[in-house]
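Results of the structural survey
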Amino acid sequence: MPIMNANSDDQAIEQVQARIASQRAAFLRNPYPSAAERRERLGALAGMMLRYRPRILEALNADFGVHPQAAGELIEVLGVAGRAAFAAEQVQQWMQPEPRPTDPGLFGSGKAYVLPQPKGVLGNMVPWNFPFDLSAGPLVEMLAAGNRVVIKPSEYTPACGELLREMVAATFDADLVDVAVGGVELSRRFPTLRWDHLLFTGSPQVGRLVALAAADKLVPVTLELGGKCPAILAADALDARNIGHILGIKLIKGGQMCISVDYCLVPSAQLGDFVRLARAHAAEYLRAYSRGQDCTGIISLRHRERLRHLLDEARSRGCEVIELEQRDDSDPRRMPLSLVIDPPPDLALMREEIFGPILPVLPYDSIEQVIAGINQGERPLGVYVFTGDQAIADQVRDQTVSGGFCHNAAAVHGAIPSLGFGGVGHSGSGRHHGVDGFREFSNMKGVFVRGENDHIDALAPPYGALASGLVAAALGG
C-alpha cells in the first residue's frame with residue numbers, strides 16, 4: 001500500500017520509516033536492475049506525465065491561483081517526459097564499466113574499472129515552485145541509476161502533492177517509488193531518516209539545516225539551492241532582443257525560479273537605454289500581463305507581502321522603482337514586473353534572493369568591476385553574460401565561479417536533459433540531469449581484477465628483494 005494522507009505528521013513519519021524498510025528489503029532482492037528494467041521504469045514515468053497532463057495543469061492552477069498552461073506543459077510535463085525518454089536511450093551506455101589505466105610493470109595484465117552501482121533507497125525533498133519538474137525530474141536519474149525513491153512534496157502545494165501521490169501510486173509499486181504527503185514536522189524529520197542518499201531543493205538557509213540533520217547518520221546529500229544569479233549586458237549587447245529575453249526569463253513562474261535573473265548589470269552610459277528598451281518591450285508584449293493567464297500567481301500572501309516590503313524599502317531609500325505596467329491590486333497573489341534602478345548594496349533585495357517579479361538594474365564601468373562584485377558575494381547558481389565579444393564571455397566564464405553559465409541566454413542550461421545541473425558553495429552541491437545525475441545517484445565503485453605477470457605481492461610484508469628492486473627501478477637506480 002502507498003503512503004496515504006496521514007492524520008498527523010507523526011503517522012506520516014512512521015509510514016515513511018516503514019516504507020524505507022520495505023524499499024530497502026526490495027532493493028536487496030534486486031540490487032542491480034538490468035538496463036531493460038530501468039528503461040521500463042523510465043518509460044512508465046514518461047507515460048505517467050503525459051497521461052496525467054490535464055490534471056497536472058489543474059493542480060498547478062489550484063496551488064498558484066493562476067498558472068500559465070504553456071509553462072505547465074513545457075516545463076512540468078513535457079520537460080520531465082523528455083528527460084525520461086533521453087535517460088531511457090542512454091541508460092545502457094551509462095551503466096557500462098568505465099576502464100581505468102594501470103601500470104603493467106606493477107599490475108601485469110590486471111584490469112581496473114569503475115562500476116556504477118545503485119545506492120539503494122533515496123529521498124527527494126521537493127520545493128513548491130516546480131512541484132512536478134523537481135519531483136519527477138530527479139526521479140528520472142534516480143531510477144536510471146537503479147534506486148528506489150520516496151518523494152516528499154512541499155506543504156505549500158497541497159493539490160500538486162496529492163496528485164503526485166495518486167499518480168505515483170497508480171504507476172509504480174510502492175516498494176519502488178512512493179510519495180509522502182505531510183506538513184512542517186514531516187519536512188523537519190524527513191532528512192533525519194536513514195537514507196542512502198538525499199536530494200533537497202530549496203533555500204540555502206533550509207539547505208544548511210537539512211545537511212546538518214542528514215550528517216547525523218552520514219547520509220550523502222545533494223543540495224540544489226539558490227542565489228543571486230546576475231545577467232551581464234556588455235556594451236555591444238544592449239538591444240531589444242536581449243532585454244526581451246532577460247525580462248521573459250524573469251517572468252517564468254513570476255520570478256519564483258532559482259535560476260531566474262536576480263539582477264542585471266548594464267554599462268553606466270547605457271542605463272537609460274536599458275530602461276527605454278524595457279519599457280518598449282513591456283508596452284508591446286506585457287500589456288496587462290499581471291492580469292492575464294500568462295502570469296503565475298505568487299505562491300502565498302505571505303510571500304507576496306515580502307515582495308511588497310522589498311519594493312517599499314527601495315522606495316523609502318530613494319530608489320527609482322519602475323513598474324512596467326499599471327498596478328492592479330484586485331488579485332493579491334499577482335504583481336507586475338518592477339525595475340529597481342541602481343539600488344544600494346545594503347537593501348534587502350540586494351542581500352536576499354528575490355524570488356519574485358522584481359529586477360534590480362545596476363550600472364557598471366568595467367567588466368573587471370563586474371567580476372570583482374560577483375566574486376565578493378556568494379557563488380551563484382548561474383551567471384549569464386550577453387555579448388558578441390567571445391573574449392569578454394570567456395573572461396566572465398573563467399574568472400567567476402557558479403553552478404552554471406550561459407552566453408547570450410539566461411537560465412536555459414537548466415532545461416537541457418544532457419547537461420548536469422547544480423550549484424557550488426552557497427548555491428548547492430552535487431548535480432542531477434543526464435549522466436551527471438546518474439553518477440550522482442550511483443555508487444561509483446572502483447573494481448580491480450588481478451591478472452598475470454604482476455608484482456603486487458611486493459606491496460605486502462615480508463619485504464624482500466622484489467620490493468627493493470621495484471623501489472630501485474622507480475627511482476632510476
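It should be noted that the structure appears before, not after, this text.
Quick caveat: nothing in here was measured; it's all calculated off a predicted structure.

Focus on helix α3 (residues 53-64)
Helix length check: α3, at twelve residues, gives a terminal C-alpha distance of 17 Å against a target of 16 Å (1.5 Å per residue), a fit within 8%. When α3 is considered as a whole, its buried residues turn out to be I56, L57, A59, L60, D63 and F64. Along α3, the residues classed as buried sweep out an arc of 160° about the axis, all on the same side. Exposed residues pointing more than 90 degrees away from the buried face of α3 are listed as E58 and A62. In this structure, the buried residues of α3 make contact with α2 (35-51), α4 (69-94) and α7 (158-171). One or two steps after α3, the chain reaches G65, where phi turns positive at roughly 85°.

Focus: the layout of surface pockets
Of the volumes computed, that of the second largest pocket is approximately 480 Å³. For the second largest pocket, the lining is made up of 22 residues, of which I75, D133, I259, G414 and A415 are closest to its centre. No other element matches the four residues that α4 contributes to the lining of the second largest pocket. In terms of residue class, the lining of the second largest pocket is made up of 16 nonpolar, four polar and two charged.

Quick notes on the packing of aromatic side chains
What the rule picks out here adds up to six aromatic pairs. Ring centres of W94 and F438 lie 5.6 Å apart, and the angle between their planes is 45°; on these two criteria the pair is classed as tilted. Separated by 344 residues along the polypeptide, W94 in helix α4 and F438 in helix α16 (residues 434-440) bring together distant segments of the chain. Pair check on accessibility: W94 and F438 agree, each one buried. The residue whose ring lies beneath R38 is Y32, and the NZ or CZ to ring-centre distance is 5.0 Å. The ring of F130 has K253 sitting right over it, with the charged end atom 4.6 Å from the ring centre.

Concerning the environment of L271
One can find L271 in helix α11 (residues 271-285). Non-local contacts of L271, meaning those with residues more than four positions away in its chain, are made with V266, I341, V361 and P363.

Considerations on the packing of α2 against helix α6 (residues 136-144)
Interaxial distance between α2 and α6 falls to 9 Å at its minimum, and their mutual angle equals 165°. Relative to α6, the element α2 lies roughly antiparallel. Two packed elements cross with a definite hand, and for α2 against α6 that hand is right-handed. Residues R38, R41, L42, L45 and M49 of α2 touch α6, and the partners they reach there are A136, L139, V140, L143 and A144. Taken together, the residues of the contact of α2 with α6 sort by class into eight nonpolar, no polar and two charged.

Quick word on the sheet that holds strand β10 (residues 320-323)
Here seven strands make up an open sheet; going across it, the order is β10-β11-β12-β9-β8-β13-β14 and the pairing mixed. Edge strands, defined here as strands with exactly one partner in the open sheet, are β10 and β14 (404-407). Adjacent strand axes in the sheet meet at a mean angle of 20° when their direction is disregarded.

Some details on the pattern of salt bridges
Overall, the coordinates contain 26 salt bridges when judged by the stated rule. Close ionic contact of R291 with E325 constitutes a salt bridge, the shortest N to O distance being 3.7 Å. Taken together, the residues span a long stretch of sequence, with R291 in the loop between α11 and α12 (301-316) and E325 in the loop between β10 and β11 (338-341) at a distance of 34 residues. Notably, a salt bridge pairs D331 with R334, separated by 3.0 Å at the nearest N-O pair. Three or more residues are tied together by salt bridges with common partners; here these are R19, D175 and D178.

Criteria and cut-off values
Residues numbered from 1 in each chain as written. Predicted model: local features only at pLDDT ≥ 70, side-chain atom pairs only at ≥ 80, totals over all residues. Heavy atoms only, no water. Helix = DSSP H or I, 4+ residues; strand = E, 2+ residues; numbered from the N terminus. Expected span 1.5 Å × (residues − 1). Buried < 20%, exposed > 50% of the residue type's maximum accessible area, 1.4 Å probe, protein only. Arc of directions from axis to C-beta. Contact = heavy atoms within 4.5 Å. 1 Å grid on protein atoms, 1.4 Å probe; cavity = no way out; pocket = protein on both sides within 12 Å on 5 of 7 lines; lining within 4 Å. Points joined across faces, edges and corners; volume = space filled by probe spheres on them. Nonpolar A, V, L, I, M, F, W, Y, C, P; charged D, E, K, R; others polar. Phe/Tyr/Trp six-rings, centres within 6.5 Å; stacked < 30°, edge-to-face > 60°. Lys NZ or Arg CZ within 6 Å of the ring centre and 35° of its normal. Axes fitted to C-alpha atoms, helices over the stretch in contact; angles between N-to-C directions. Parallel < 35°, antiparallel > 145°, perpendicular 65-115°, else oblique. Left-handed = near helix turned anticlockwise from the far one by under 90°. Pairing = 2+ DSSP bridges. Salt bridge = Lys/Arg side-chain N within 4 Å of Asp/Glu carboxyl O.

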